[in-house]
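Working through the structure, step by step
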Amino acid sequence: MISEVPSFDTEAVAKHASALYGIEGSITPLVSFEDQNALITAVDRRYVFKIANRRWPSELLKLQHQAMLQLQQRAPQLTFPVPMTTYSGNTLTEIDGFNVYLLSYVDGVVYSGGEKSLPLYRDAGRFLGQLSQSLQDFSHPASHRAGYLWDLDNVIGCRAHLEDIDDNATRERIGRLFEHYQTRVAPRLRGLRKAVIHGDANQHNFIIDRDHPQRMHGLIDFGEMMHSTQVNELAIALAYLLLGETDIGTAASAVIDGYCAEFALADEELAVLFELVAMRLVTSIVMSSNEAKIYPDNSSYILISQAEGQALLQRLEEQNYLFQ
């Protein structure tokens, strides 16, 4: 609920950053819908001060922090936010009923603002494959998010909000996809590998190397971490990396090849990959349509990717990647 969204002013952010971490600098608010984020530019480096929405349990935030710390150790060649510890040795502090924490800042160019290329597609796959490899032995009780609709394993639950989609052609296509998924795809997922995944490697979370635009530098926002079907990690990334792409086959092959060179997928996982890409687009379209009706004042921000998602879903069908 909106009432659960924090609203600390700049002075409060500065006070807490200094008291908890001994960090001072200029403060710039960052765009966020459910949480509150601020960029702190200190003398020697930058940080992101985060104030979590009250509806996120502390254990979910601890899951994210522990995963970031494992990745820092297991994949030092990759860049992720790193949780900072307070003077008392904690990565999480409750203030006025809100959990606050500080992360290192990941510099670079957000993927949505960069220039796509086949080398970048392949490197995005390489990055994600190394992430998957580094999380293979990671576990945390909070990763089991029963009934969570942004878990691709629970996509059929999104069908309850199908009527919130305004576009008739998209609503009809998604209705058919729900039927196909339930009868032909879901039964094939039961025997596939499960793991804790990042779960949201999208065009706003992938960060391109500023000096080497054909190389993926980092990945941010661990808020969707979950225990799910392993191949969902790649499917989710493809759903966003391919937005606006007309040559789906060439682009997707580059991402998949890069991923599988680092983390091999079984034939059974590859066989359902594009169906899962489509269902991630379905989740995004359905859930954003639902949230836009709940929060009409924020509908522009909520629906930011929907038109591109609808177009990609249509191209996937027209180019015979679906309903196989």
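Look up a bit, the structure's there.
This write-up is about the structure you can find in this document. (Residues numbered from 1 in each chain as written. Predicted model: local features only at pLDDT ≥ 70, side-chain atom pairs only at ≥ 80, totals over all residues. Heavy atoms only, no water.)

Some remarks on the overall build of the protein
Note the following rule: To qualify as a helix, a DSSP run of H or I must reach at least 4 residues; to qualify as a strand, a run of E must reach at least 2; elements of each kind are numbered from the N terminus. Only the C-alpha atoms count toward the radius of gyration. The rule for a globule is 2.2 Å times the residue count to the power 0.38. Per-residue accessibility, obtained with a 1.4 Å probe over protein chains only, is compared with the maximum for each type, and a residue is labelled buried under 20%, exposed over 50%, and partly exposed between these values. We call two residues contacting when some pair of their heavy atoms lies within 4.5 Å. Accessible surface is estimated by sampling points in the Shrake-Rupley manner with a 1.4 Å probe; for residues, cover comes only from the protein chains shown. When charges are counted, neither His nor the chain ends are considered; positive counts come from Lys and Arg and negative counts from Asp and Glu. By convention, the charge on Lys lies at NZ, on Arg at CZ, on Asp at CG and on Glu at CD.
The helix and strand inventory of the protein stands at 10 helices and 10 strands. Relative to a compact globule of 324 residues, whose C-alpha radius of gyration would be 20 Å, the protein shows 20 Å and is just as compact. Along the longest, intermediate and shortest principal axes, the C-alpha atoms of the protein span 60 × 40 × 35 Å. Within the protein, the fraction of its 324 residues that count as buried is 55%. At a minimum sequence separation of 6, the contacts of the protein that also span at least 24 residues come to 74%. Accessible surface computed for the protein: about 14300 Å², of which carbon and sulfur atoms make up 48%. Taking the 26 positively charged and 41 negatively charged side chains of the protein as two groups, their mean positions are separated by 3 Å.

Some remarks on the sheet that holds strand β4 (residues 93-95)
To be explicit about the condition: Strand pairing is defined by DSSP finding a minimum of two bridges between the two strands. In this description, a line fitted to the C-alpha atoms serves as the axis of each element, helices being fitted only across the stretch in contact, and the angle between N-to-C directions of two axes falls anywhere from 0 to 180 degrees.
Spatially, 5 strands are ordered β1-β2-β3-β5-β4 in an open sheet, and the strand pairing comes out antiparallel. Since the sheet does not close on itself, it has two edges, and those belong to β1 (26-30) and β4, each with one partner. Strand-to-strand, the axes of this sheet are offset by a mean angle of 30°, without reference to chain direction. With 5 bridges joining them, β1 and strand β2 (residues 36-41) adopt antiparallel strand pairing. By the bridge assignment, Ile-27 is partnered in β2 with Ile-40. Running over the sheet, helix α1 (residues 10-21) touches β1, β2, β3 (46-51), β4 and β5 (98-104) and is turned about 110° from β3.

A short note on the side chain of Asp-200
For clarity, the cut-off: Any N or O atom pair separated by 3.5 Å or less is treated as a polar contact, with the protein-specific requirement of one donor-capable and one acceptor-capable atom, and with residues adjacent in sequence counted only for side-chain atom pairs.
By secondary structure assignment, the location of Asp-200 is in the loop between β7 (194-197) and β8 (206-208). Taking the relative accessible area as the measure of exposure, Asp-200 reaches 10% and is therefore buried. Within the local environment of Asp-200, its side chain forms a polar contact with the side chain of Arg-280, the two groups lying 3.2 Å apart. Aside from chain neighbours lying at most four places away, what touches Asp-200 is Asn-205, Asp-221, Glu-224, Ile-236, Tyr-240 and Arg-280.

Structural notes on the packing of aromatic side chains
Worth spelling out the cut-off: Two rings belonging to Phe, Tyr or Trp (six-membered ring only in the last case) form a pair when the distance between their centres is within 6.5 Å. Interplanar angles under 30 degrees mark stacking, angles over 60 mark edge-to-face geometry, and anything in between is tilted. Distance and angle both matter: a charge sits over a ring if NZ of Lys or CZ of Arg is within 6 Å of the ring centre and within 35 degrees of the ring normal.
Under the criterion given, the structure shown has 6 aromatic pairs. Centre to centre, the rings of Phe-127 and Phe-206 are 6.0 Å apart; their planes meet at 85°, and the pair counts as edge-to-face. Of this pair, Phe-127 sits in helix α3 (residues 118-134) while Phe-206 sits in strand β8; the two residues are 79 residues apart in sequence, bridging distant segments of the chain. Judged by relative accessible area, which is 0%, Phe-127 ranks as buried. Look at Phe-206 and you get buried, because its relative accessible area is 0%. With 5.9 Å between their ring centres and 75° between their planes, Tyr-259 and Phe-263 make a pair best called edge-to-face. In terms of burial, Tyr-259 and Phe-263 fall into one category: buried. Through pairs of rings, three or more aromatic residues link up here, namely Phe-80, Phe-127, Phe-206 and Phe-222. Looking at Arg-54, its charged tip hangs above the ring of Phe-98, at a distance of 3.9 Å from the centre. When the ring centre of Tyr-148 is taken as origin, the NZ or CZ atom of Arg-145, which lies over that ring, is 3.9 Å away.

Considering the environment of Leu-241
Along the chain, Leu-241 falls in helix α5 (residues 232-241). Judged by relative accessible area, Leu-241 falls into the buried class, the value being 1%. Counting along the chain gives 38 residues from Leu-241 to Met-279, while the straight-line C-alpha distance between them is 15 Å.

Some points on helix α6 (residues 248-262)
Heads up, the rule is: Multiplying 1.5 Å by the helix residue count minus one yields the expected span of that helix.
Here α6 spans 22 Å end to end across 15 residues, near enough to the 21 Å set by a 1.5 Å rise per residue. Of the positions making up α6, those classed as buried are Ile-248, Ala-251, Ala-252, Ala-254, Val-255, Ile-256, Gly-258 and Tyr-259. Contacts made by the buried residues of α6 are with α3, α5, α7 (267-271), α8 (273-294) and α10 (306-318).

Remarks on the packing of α3 against α6
Applied cut-off: Working rule for handedness: look at the near helix, and if it is turned counterclockwise from the far one by less than a right angle, call the crossing left-handed; if clockwise, right-handed. Ten residues, namely Ala, Val, Leu, Ile, Met, Phe, Trp, Tyr, Cys and Pro, are considered nonpolar, four, namely Asp, Glu, Lys and Arg, are considered charged, and the remaining ones, Gly among them, are considered polar.
Their axes nearest at 6 Å, the elements α3 and α6 cross at an angle of 35°. As α3 runs across α6, the sense of the crossing is right-handed. Here α3 contributes Leu-118, Tyr-121, Arg-122, Gly-125, Arg-126, Leu-128, Gly-129, Gln-130, Ser-132 and Gln-133 to the contact with α6, which in turn contributes Thr-250, Ala-251, Ala-254, Val-255, Asp-257, Gly-258, Tyr-259, Ala-261 and Glu-262. Per-class residue counts for the contact of α3 with α6 are 8 nonpolar, 7 polar and 4 charged.

Re the packing of α3 against α5
Short version of the rule: An angle counts as roughly parallel when it lies under 35 degrees, as roughly antiparallel when it exceeds 145, as roughly perpendicular when it falls between 65 and 115, and as oblique in every other case.
One way to put it is that α3 packs onto α5 with a least axis distance of 11 Å and a crossing angle of 155°. Between α3 and α5, the interaxial angle falls into the category roughly antiparallel. In terms of crossing hand, the pair formed by α3 and α5 is right-handed. Two secondary-structure elements touch here, α3 through Tyr-121, Ala-124, Leu-128, Leu-131 and Ser-132 and α5 through Glu-233, Leu-234, Ala-237 and Leu-241. Of the residues in the contact of α3 with α5, the class split is 7 nonpolar, 1 polar and 1 charged.

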